[in-house]
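As a plain string of letters, each chain reads:
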Amino acid sequence: MTGEHERTYAAHLGGLRSEPWDEGTSAVLDTVEQHVQACPQCGVEIRTDHRFVAWCAACDWNVNPGQPEPPTGRLEVLRHRLARQHGETLLAEVTTDGTLRPRRDAVGVLALALALAVHGTTAALLVGGLLLVVLGWGSALPLLGALSLLVAWSLRPRFARLPEDEPVLRRADAPELFALVDEIAGTMGTTGVHAVSITAEYNASVSTYGLRRRRLLSIGLGLWETLTAEQRIALLGHELGHYANGDTRHGLIIGNALRSLDTWRYLLSPVEHPTLVEAALNALYLLPRSAVTGVLMTLDHLSLRATQRGEYLADTFAARCGSTEAAVGMMDRLLVADSAAATLLRESNSRQTRRAGAPTGSEAWSGLWERLAAHMDSIPESEHERQRRCSALRGHSVDSTHPPTHLRRARLLTAAALPAAVTMDTARSTALRAELKETRDEVARRVMDGR
Ligand SMILES: [Zn+2]
Ligand SMILES: [Zn+2]
């Protein structure tokens, strides 16, 4: 039941991208061949790298073959219109004001207040339950108190743990990486992280773990390995920017409030096939259940807006740390994310097929990241442009934690170009690479084994 919000909750903690992978692009082969055809719509000559979707830049023919159906139904249309309006207002606000605005706008403060009210209810149940047990001793009141304590316990905030199924690096394992993270964090007035987890994802994120809210940075090698040194600094700048903004703390408070509300909904859910007494209870619960659902939807909506704003601000940190050019380059990589996913899947599949046939004994995982990076480098500009237009066509989605990538990119380009605050020379790059070697190999092996 909490699954849906756990996903939202994880996303609230500051991933880099949230757009669903577009089925339209799947790179199948790596040999580059040009395919020439006339546009069926306007007749202009189209030259396509055959690994990608054929489309027409003149009239947008086939620009988004996997385009979802436009929304139907009054509520859906309204939700889409609201999402677009909010998206446009937000973009205007973060564009006109180039400097870093205060951490929270009215929407963010409202979301926080609502979440704190939810946690306040839990605290009231806890205190009330204790008082009933202690002061009502000798009567029937402690029973009510115990029930109240039980409900409060089920509503309590939860704190994430360190991931157990992926490599986690500590400072001693990767001093160079931690020093880089420290330096980048220092430029934005925050501190580094306690642990770094390494995944195969085409993404990166920050979160906290444990009661003491220690910091965990997660680096997806799928993305990291395809970035230049400057773009990696921009990536880390974006992620650490979420700490500087207080987005992880905000996400923890709101995520836990959403979870509490979900539990309330569960506790107040109607009994199926009720007896007469249960039917009366169902009727009694109707009003509080509707109220909880209303608060849940409002909080979800407000927090999504606050999260999108946090993404724009984190992008400013990315540009400040790694330069505007590097931050824009990173956005371009995000635009063609689906191509990286397809490449990794193809690699993994080819390995499975090979294993089913004659085992070669060759280490298929070695060179995986280099092959991925080479593929990403070979993606033609026309495919980037197509993805930018797709992003524009998709527009502001109603449930995305991130603003559309093309707008994030355009916003960085309209502001004055920033130089890099942190740089990485070849020696530093080499040292970083050396200390990550073992983990890179381990994660590559996992990809190839389909783990
Ligand atoms: Zn982010
Ligand atoms: Zn055309």
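In short, a report on the structure. Here the structure is a predicted model, which means the values were calculated and not measured.

Rules of the game
Residues numbered from 1 in each chain as written. Chains lettered and ligands numbered in written order. Predicted model: local features only at pLDDT ≥ 70, side-chain atom pairs only at ≥ 80, totals over all residues. Heavy atoms only, no water. Phe/Tyr/Trp six-rings, centres within 6.5 Å; stacked < 30°, edge-to-face > 60°. Lys NZ or Arg CZ within 6 Å of the ring centre and 35° of its normal. Donors = N, O, S within 2.8 Å, 3.2 Å for Na, K, Ca; no water. Tetrahedral: all angles 85-135°; square planar, octahedral: opposite > 155°, others 65-115°. Helix = DSSP H or I, 4+ residues; strand = E, 2+ residues; numbered from the N terminus. Buried < 20%, exposed > 50% of the residue type's maximum accessible area, 1.4 Å probe, protein only. Pairing = 2+ DSSP bridges. Contact = heavy atoms within 4.5 Å. Axes fitted to C-alpha atoms, helices over the stretch in contact; angles between N-to-C directions. Core = buried A, V, L, I, M, F, W, Y, C linked by side-chain atoms within 4.5 Å.

**Notes on the packing of aromatic side chains**
- Applying the stated criterion across every chain yields a total of 0 aromatic pairs.
- Just above the ring of W153 sits the side chain of R156; from NZ or CZ to the centre is 3.9 Å.

**A word on the coordination of the zinc ion (ligand 2)**
- Bound to the zinc ion (ligand 2) on the protein side are C39 (SG), C42 (SG), C56 (SG) and C59 (SG), at distances that span 2.3 Å.
- Note that the zinc ion (ligand 2) binds 4 donor atoms; their angles at the metal cover 105 to 113°, and the shape is tetrahedral.
- For the zinc ion (ligand 2), all donor residues lie on one chain, and their spacing in sequence is C-x2-C-x13-C-x2-C. Linking C42 in the loop between β1 (34-38) and β2 (45-49) with C56 in the loop between β2 and α2 (74-96), this pair joins segments that are 14 residues apart in sequence.
- Among the residues examined, C42 registers a relative accessible area of 37% and is labelled partly exposed.
- When its relative accessible area of 1% is taken as the criterion, C56 is described as buried.

**Examining the sheet that holds strand β3 (residues 168-169)**
- Sheet architecture is open: 4 strands sit in the order β3-β4-β6-β5, paired in mixed fashion. Whereas interior strands pair on both sides, the edge strands pair on one side only; in this sheet they are β3 and β5 (204-209).
- Direction of pairing for strand β4 (residues 195-199) relative to strand β6 (residues 214-220): parallel, over a ladder of 5 bridges. Note on β6: the bridge partner recorded for V196 is L217.
- Across the face of the sheet, helix α5 (residues 175-187) comes into contact with β3, β4 and β6 while running at roughly 110° to β4.

**Examining the nonpolar core**
- Within the largest apolar cluster, 60 residues are counted, with the highest numbers of intra-cluster contacts made by L177, I184, V196, W224, L236, L240 and W369.
- Look past the residues within four positions of W224 in its chain and what remains in contact with it is L177, I219, R232, L235, L236, L432 and L436.
- A111, A115, V118 and L302 belong to the second-largest nonpolar core, a separate cluster that totals 13 residues.

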